[in-house]
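# Structural characterization, general
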Amino acid sequence: MLYAIIATDHPDSLEKRLEARPAHLERLRQLQDEGRLILAGPHPAIDSEDPGPAGFIGSLVIAEFSDQEAAKSWANADPYVAAGVYKEIEIRPFKKVLPT
């Protein structure tokens with residue numbers, strides 16, 4: 001089943017985010033290589049593709065996991081968690097309707 005991993009950043013965590021980004025992206029590439037990643041990306045703090053020093057306020061990952069506990073376990077092991085970027089992570093089941 002698909003799950004939406006909705007993470008919220010701690011304030012002023014841009015530097016930590018940038019430092020942990022390579023390891024974070026590597027984990028996402030593993031999901032992609034396994035054919036389980038639907039989409040992933042950050043939420044800019046301002047209405048801009050490149051928010052510069054304004055940074056980001058969180059992330060969204062939609063991927064396939066065996067169950068909600070597996071999604072939670074995967075999310076909690078993210079390098080952004082270890083680096084202190086994420087303040088909160090919410091896991092929700094997700095049903096993809098479009099595109100087909």
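Structural data are supplied above this passage.
Just so you know, these numbers come straight off a predicted model, no measurement behind them. (Residues numbered from 1 in each chain as written. Predicted model: local features only at pLDDT ≥ 70, side-chain atom pairs only at ≥ 80, totals over all residues. Heavy atoms only, no water.)

## What about the side chain of Ser-13?
Inspection of the secondary structure assignment puts Ser-13 in the loop between strand 1 (2–9) and helix 1 (14–33). Accessibility expressed as a relative area gives 5% for Ser-13, which makes it buried. Separated by 2.8 Å, the side chain of Ser-13 and the backbone oxygen of His-10 make a polar contact. Residue contacts for Ser-13: discarding those within four places in its chain leaves Gly-84 and Val-85. (Helix = DSSP H or I, 4+ residues; strand = E, 2+ residues; numbered from the N terminus. Buried < 20%, exposed > 50% of the residue type's maximum accessible area, 1.4 Å probe, protein only. Polar contact = N/O pair within 3.5 Å; in protein donor to acceptor, adjacent residues only side chain to side chain. Contact = heavy atoms within 4.5 Å.)

## Re helix 2 (residues 68–76)
Taken together, the buried positions of helix 2 are Ala-71, Trp-74 and Ala-75. The buried side chains of helix 2 occupy one side of the element, clustering within an arc of 95° when seen end-on. Residues of helix 2 that are buried make contact with strand 1, helix 1, strand 3 (56–64), helix 3 (79–82) and strand 4 (86–94). Near the N-terminus of helix 2, the side chain that reaches the backbone nitrogen of Glu-69, with its oxygen 3.2 Å away, is that of Asp-67. (Arc of directions from axis to C-beta.)

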